[in-house]
Every structure is written in structure tokens, then in C-alpha cells.
Amino acid sequence: MPMESEQLEAVVMDIVAGIRDAIIKHHVTVDQYRFAVDYLGRLADARELPLLLDVFLNVAAVDAENEVTKGSPQAIQGPYYREDAPAVTDRLKTLDHDNERPLVVRGQVRDIDGSVLPGAEVDIWHSTPTGKYSGFHDNIPVDYYRGKLTSDSEGAYRVATTAPVPYQIPNQGYTGALLEAMGRHSWRPAHVHFKVRKPGFKTVTTQVYFEGGQWVDSDCCSGVRDDLVRRTTQEDGVDTLTVDFVLDRA
Ligand code: MBD
Ligand code: FE
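It should be emphasised that the depicted structure is a prediction, and the values quoted were computed from it without experimental measurement.

**Description of the pairing of strand β11 (residues 238–242)**
Note: strand β1 (residues 102–111) against β11, four bridges, orientation parallel. Within β11, the residue paired with L103 across the bridge is D239. Pairing geometry for strand β10 (residues 233–235) and β11, over three bridges, is antiparallel. Paired with T233 across the strands is T240, a residue of β11. As consecutive antiparallel partners, β10 and β11 are separated by two residues, and within that stretch D236 has a phi angle of approximately 50 degrees, a positive value.

In C-alpha cells, the structure reads:
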């Protein structure tokens, strides 16, 4: 839903004021300002605007929603969601790399009163074992490492896939190069993305991280919160990630 013009005015002018203040406070020169304008133009031409904005700002929009929701915490969606992911029942297609480690993702969907929610769509996506996203990188077809499950009569879902690894924002790109020029790293901890929806309920868009995983304490997108970090369990010898969801009414 777009904003009413009054809110739009207020938000844009606050953003502008913040940037103007930073330019003045740090004595940015006109040449440096012009360099930044040119850099952002080239970054946009390279289709990295969604990545840049999600690295720095997605977390704030999520925090604003988490202040009011009674459901599961929202987390950053990032730039690699695909609406056209396939419906799946029990397994995500993977590339069968030698270094793929099996992972089961399972859980249950409930409403805020604790009743189970059958028929909820649980849309899952994650990176390849080399840190790429299908439908965006290396021409990996969009039906790999993604899929839409439907919760069963008990509100449960379960899917077999392979473990994601930490993700590095491509440092050949403008966004990664900016992070490095700032002296920061460009890594995200390994994570699994979810979008859970059911008509009549607020959609939960979230992601989950692995306890003890590299970069969990220093995500370059500032997207980690304690309640998004999970310890996997062993079930039938397979690492199992359990993620339950609570949906708030729309
Ligand atoms: C990702 O994989 C991601 O999830 C986010 C939020 C930003 C960049 C890459
Ligand atoms: Fe991601």
C-alpha cells in the first residue's frame, strides 16, 4: 500500500534532513558529493539498488512492524525473493554438489490463540552451498533451493534440502565494494528465508540463523536478533532445523 501524501512528505523530508546533516557534519566536499551521485547511478545501472537498500534499511522497516505484531518476529526479506518459486511437497531441488550437507526444515503454523493453521503457505528459500541464489546468480533455475509448501491438517510442514552457507555480498559489485571501502566486511551468516501466509492473517516474512554460525554476531545487514537464531537437532542422523510460526490476524 502506498503512503498518504502527508506521511510521504514527512518520511522523505526526514530522510533528506538526515543525509543533509551527515554531509555537513562530515564536511563532504562538492567533488565527493558528485562522486557519490555518479557511484549510485552506476550501482543502479548494475541493478544493485535493491541490494544496497536492503543491506542498510530493510532491518528498520522490519523493526517498525515488530513493534506492533503479536505474531512471529518479522526479519529482513533481502533482494532474492522470487514470487514464482514452485509448489513443493517434501524436498527442494538442489544441485547435488559434492559439498552439499543434508538439512531438514520443519515446524508448525499456529494463530495467536495457539490453534493450528492448516493450509498456510510456507514459502522457503536459501542459498546454494556456494552462497548463490537461484533465479539471480549463475543462471541457476528458479525452481532450485526454493519452494512453497502447504501446512497439513496439524499445521505442520517439513521439507528436505541442503544446508546454506554464509553469504558474501559480491565484492566485485558496487554494494560489496562500498562495504569494503568503509573497512567493513560483506558477509551474512548462513540463513534460511521464510514467507508464511494465509488469507485473513498477516504475512510473516522472516529468516532464521544457525546458533554458533560464522558471522551471526556481525551480519553486514544487521538482520540477526536472538529470537531468530536456532540450534539444529539430529533426527534420523540428519541436521534438522525446527521453525514454528505464529500468525497474527490481518
Ligand atoms: C541476502 O541473502 C539477504 O538475505 C539479504 C537480506 C541481503 C543480501 C543478501
Ligand atoms: Fe538471504
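**Some details on the packing of helix α2 (residues 30–45) against helix α5 (residues 174–181)**
Where α2 meets α5, the axes come as close as 9 Å, and the angle between the chain directions of the two elements is 140 degrees. Taken together, the axes of α2 and α5 lie oblique to each other. Contacts between α2 and α5 pair Y39, R42 and L43 from the former with Y174, T175, A177 and L178 from the latter.

**Quick look at the site of ligand 1**
Taken together, 13 residues surround ligand 1, and among them G78, Y133, R188, H191 and H193 come closest. A distance of 2.9 Å separates an oxygen atom of ligand 1 from a polar atom in the side chain of R188. Within the side chain of H193, an N or O atom sits 3.0 Å from an oxygen atom of ligand 1. In the shell around ligand 1, the residues fall into eight nonpolar, four polar and one charged.

**A closer look at α5**
Considered for burial, the residues of α5 that qualify are T175, G176 and L179. Along α5, the residues classed as buried sweep out an arc of 100 degrees about the axis, all on the same side. Of the surrounding secondary structure, the elements contacted by the buried residues of α5 are α2 and α3 (49–56). Backbone geometry just downstream of α5 places G183 in the positive-phi region, at approximately 80 degrees.

**A short note on the nonpolar core**
Counting residues in hydrophobic clusters, the biggest one holds 25 residues, and the most contacted among them are V122, I124, Y157, F194 and F245. Only β1, β2 (121–126), β4 (156–162), β7 (191–197), β8 (204–210) and β12 (245–247) provide two or more residues apiece to this core. V62, Y80, I169 and C221 belong to the second-largest nonpolar core, a separate cluster that totals 14 residues.

**Notes on the packing of aromatic side chains**
Under the counting rule described, the total for this entry stands at 10 aromatic pairs. With 4.8 Å between their ring centres and 55 degrees between their planes, Y81 and W125 make a pair best called tilted. Here Y81, found in the loop between α4 (58–66) and β1, pairs with W125, found in strand β2; they are 44 residues apart in sequence, far enough to count as distant. The pair formed by Y81 and W125 is uniform in burial state, with each residue classed as buried. Of the aromatic side chains, those joined through ring pairs into one cluster are Y80, Y133, F136 and Y167. Positioned above the aromatic ring of F136, the side-chain terminus of R82 is 5.9 Å from the ring centre.

Conventions adopted
Residues numbered from 1 in each chain as written. Chains lettered and ligands numbered in written order. Predicted model: local features only at pLDDT ≥ 70, side-chain atom pairs only at ≥ 80, totals over all residues. Heavy atoms only, no water. Pairing = 2+ DSSP bridges. Helix = DSSP H or I, 4+ residues; strand = E, 2+ residues; numbered from the N terminus. Axes fitted to C-alpha atoms, helices over the stretch in contact; angles between N-to-C directions. Parallel < 35°, antiparallel > 145°, perpendicular 65-115°, else oblique. Contact = heavy atoms within 4.5 Å. Near = heavy atom within 4 Å. Polar contact = N/O pair within 3.5 Å; in protein donor to acceptor, adjacent residues only side chain to side chain. Nonpolar A, V, L, I, M, F, W, Y, C, P; charged D, E, K, R; others polar. Buried < 20%, exposed > 50% of the residue type's maximum accessible area, 1.4 Å probe, protein only. Arc of directions from axis to C-beta. Core = buried A, V, L, I, M, F, W, Y, C linked by side-chain atoms within 4.5 Å. Phe/Tyr/Trp six-rings, centres within 6.5 Å; stacked < 30°, edge-to-face > 60°. Lys NZ or Arg CZ within 6 Å of the ring centre and 35° of its normal.

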